[in-house]
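Report on the structure
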Amino acid sequence: MSPTLFAAVDLGASSGRVVAGRVGPDTVELTEAHRFVNEPVRLAGTLHWNIAGLYTEILRGLRFLGRDHGTPVSVGVDSWAVDYGLLDADGALLSAPVHYRDGRTDGVAETINGQLGADALYQRTGLQILPFNTIYQLVAARDTAAYRTADRLLLVPDLIGYWLTGAIGAEVTNASTTQLLDVHDRTWDVDLASSLGLRPELLPSLRQPGDLLGRFRADVAAEVGFDAPVVAVASHDTASAVIGVPAVGDRFAYISCGTWGLAGLELDRPVLSEASREANFTNEAGIDGTVRYLRNVMGLWLLQESVRWWEREGRPADLPTLLADAAGVPAGRTVIEVDDARFLPPGDMPSRIAAYARETGQPVPSAPDEIVRCILDSLALAFRRTIREAMALADHAVDVVHAVGGGARNALLCQLTADATGLPVVAGPVEATALGNLLVQARAAGLVADLADARRLLAATQATVCYEPRPGIDWDSLASRLASTAAKV
Ligand SMILES: C[C@H](O)[C@H](O)[C@@H](O)C(=O)CO
């Protein structure tokens, strides 16, 4: 039997892609039909996603896929979390979704948590406190004309699904990132929304990975040159990435490493202890009732934004060269708290890193290779801390760390993470998110039995590189230096 063709639309914060996936009893082959950058735009002072531009690229990618690979059995859409579009009563988009790095939510989380009680909120939603969680974005937007006149709220992958099929709904893994979903029964916490003066009627009915949205609208089928059904996948890209981890058994940790570094565990129930809340771990919904017990680490955003800044200044910023040079910089020369709030907004990242070093009395990195080394040493330290804390808080043993996503290509980061954690790091697949998207569709088509079966297929078909921990760097003392810096900033 020849492998079956599926189409995955995977929207990341820095780039998007349309991927043709062929799945058979012992094959999973990916071919990129189209890749495009995801460049946000500031409109009248507010940072937005160029969602119409992204949708245009998606249609272009589907057209290329149909032309070069044929008609897929189904299409699945995933994207970054928390952000949404508002529709009016006619189904028209009221304004381009606001980017989670926009400053409109500054201070909102503190106010709301003070009002509701951080622990009470955690017991209801199980979510880490990040300033851009959808709940805080809605509180920041509740007095806007768009919010007041809106008829429906659609998270980004659901908005794309709506434009492709006309179907309205909210897929549960991404809905769990709103901090408006009950962590126990995975239904909308309507009382919580009402208690904040939010409009629960905006929240669409929930759907599960594998559910059918519907077939392409006629105009979409005409535009892309074929008709196909759209199937809900684990539409939070991180949820799809975790499905795409080629793990065997459950004694593993993962790092979905891209713009963000999502480091954590897959559990069968949430951890809602006071210690877990204080450590700011999240319990995002995974597939089949699993829990993605993780914490957001600032991730390769630090590197992406530094490169963007150097390019803006007309300085050479070729990543492979930067990484090769950074390997020659002494380890642990300067370490930063990567999750310091100053590193969240776009801007002059190299200067912010230098300022942090200055404030903490460390050697101040100025040359690009020193900045890059500082970023990678500090990310490895953050992954070490996060994985060790997750293991302790969830009382969960780990023998291996799976690093997936674009960061799996970064050999220096993977090796430093192995050294810092003292655990082997299995790097790959890079396209774990697209693979997780495709395998949920393959299961809906009856080609894959369950999550374990999907991972067996991945382990048998996808290339990985294993980095064994090496001695030599005193990560304990780097960790305590980092801890002491926090007191100085
Ligand atoms: C806000 C981030 O998008 C989110 O926390 C993260 O999980 C993600 O979606 C990474 O793409």
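The rules behind these values
- Residues numbered from 1 in each chain as written.
- Predicted model: local features only at pLDDT ≥ 70, side-chain atom pairs only at ≥ 80, totals over all residues.
- Heavy atoms only, no water.
- Phe/Tyr/Trp six-rings, centres within 6.5 Å; stacked < 30°, edge-to-face > 60°.
- Helix = DSSP H or I, 4+ residues; strand = E, 2+ residues; numbered from the N terminus.
- Buried < 20%, exposed > 50% of the residue type's maximum accessible area, 1.4 Å probe, protein only.
- Domains from an automatic or database assignment.
- Contact = heavy atoms within 4.5 Å.
- Buried area = accessible area lost by both parts, 1.4 Å probe.
- Near = heavy atom within 4 Å.
- Areas by Shrake-Rupley, 256 points an atom, 1.4 Å probe, with all protein chains shown as cover.
- Nonpolar A, V, L, I, M, F, W, Y, C, P; charged D, E, K, R; others polar.
- Core = buried A, V, L, I, M, F, W, Y, C linked by side-chain atoms within 4.5 Å.
- Axes fitted to C-alpha atoms, helices over the stretch in contact; angles between N-to-C directions.
- Parallel < 35°, antiparallel > 145°, perpendicular 65-115°, else oblique.
- Left-handed = near helix turned anticlockwise from the far one by under 90°.
- Pairing = 2+ DSSP bridges.

1. Topic: the packing of aromatic side chains
A complete count under the given rule lists 9 aromatic pairs for this structure. For the pair Y100 and W260, a centre-to-centre distance of 6.2 Å together with 45° between the ring planes defines the contact as tilted. Pair noted here: Y100 is in the loop between β7 (84–87) and α2 (108–116) and W260 is in the loop between β13 (252–257) and β14 (261–267), with a separation of 160 residues, a long-range link. Across this residue pair, the class does not change: Y100 and W260 are buried. Ring centres 6.1 Å apart and planes at 40° place the aromatic pair F343 and Y356 in the tilted group. Here F343, found in the loop between α13 (319–326) and α14 (349–359), pairs with Y356, found in helix α14; they are 13 residues apart in sequence, far enough to count as distant. Here F343 falls in the buried class, since its relative accessible area comes to 0%. The exposure class of Y356 is buried, given its relative accessible area of 0%. Members of the aromatic cluster, each reached through a chain of ring pairs, are W49, W80, Y100, F132 and W260.

2. Focus on the domain arrangement of the protein
What the domain assignment reports for the protein is domain 1 (4–235) and domain 2 (246–428 + 464–489). Averaged C-alpha coordinates put domain 1 and domain 2 at centres separated by 26 Å. Counting from both sides, the interface comprises 25 residues of domain 1 and, opposite them, 29 residues of domain 2. Of the roughly 2,100 Å² buried between domain 1 and domain 2 on both sides combined, carbon and sulfur atoms contribute 54%. Taken as a group, R101, Y122 and Q128 account for 35% of the area that domain 1 buries against domain 2, more than any other trio of residues on that side.

3. Overview of the site of the ligand
The ligand sits among W80, A81, V82, Y100, F132, H236, D237, T238, W260, L262 and N296. About the coverage of the ligand: the protein hides 93% of its 310 Å² of free accessible area. In terms of residue class, the shell around the ligand is built from 7 nonpolar, 3 polar and 1 charged. No fewer than three residues from each of domain 1 (4–235) and domain 2 (246–428 + 464–489) sit in the shell around the ligand.

4. Brief notes about the nonpolar core
Ranked by internal contacts, the top residues of the largest apolar core, which has 120 residues, are L62, I160, L164, F216 and L379. In terms of residue count, helix α15 (residues 368–393) provides more of this core than any other element does, 12 residues in total. Each of two domains, domain 1 (4–235) and domain 2 (246–428 + 464–489), supplies a minimum of three residues to this core. Those residues in contact with L379 that sit more than four places away from it in its chain are V297, G299, L300, L302, V338 and L413. Among the nonpolar cores identified, the runner-up in size contains 27 residues, and V108, I112, A193 and L198 belong to it.

5. Some remarks on the packing of helix α1 (residues 51–69) against helix α6 (residues 156–165)
Orientation of α1 relative to α6, taken along the N-to-C sense of each, is 60°, at an axis distance of 11 Å. By the angle class used here, α1 and α6 are oblique. By crossing handedness, the relation of α1 to α6 is classed as right-handed. Together, I51, Y55, I58, L59 and L62 of α1 and V156, L159, I160, W163 and L164 of α6 make up the contact between the two elements. Looking at the contact of α1 with α6, its residues break down into 10 nonpolar, no polar and no charged.

6. Here's the deal with the pairing of strand β6 (residues 75–79)
Along β6, 5 of the 5 residues are buried, which leaves the element largely enclosed by surrounding structure. Neither face of β6 is open: one carries V75, V77 and S79, the other G76 and D78, and all of them are buried.

7. Considerations on the sheet that holds β13
The strand order β15-β16-β14-β13-β17-β18-β19 describes an open sheet built from 7 strands, whose pairing is mixed. Every other strand in the sheet has two partners, leaving β15 (282–285) and β19 (465–467) as the edge strands with one partner each. Within the sheet, the average angular offset between the axes of one strand and its neighbour, ignoring direction, is 30°. Taken together, the 4 bridges between β13 and β14 define a ladder with antiparallel strand orientation. Bridge assignment links Y254 to a residue of β14, and that residue is G264.

8. Re the packing of helix α17 (residues 432–444) against helix α18 (residues 451–461)
The contact between α17 and α18 brings their axes to 11 Å, and the two run at 125°. Between α17 and α18, the crossing angle belongs to the class labelled oblique. Considering only the axes of α17 and α18, their crossing is right-handed. In contact with L435, L439 and R443 of α17, α18 contributes L451, A454, L457 and L458.

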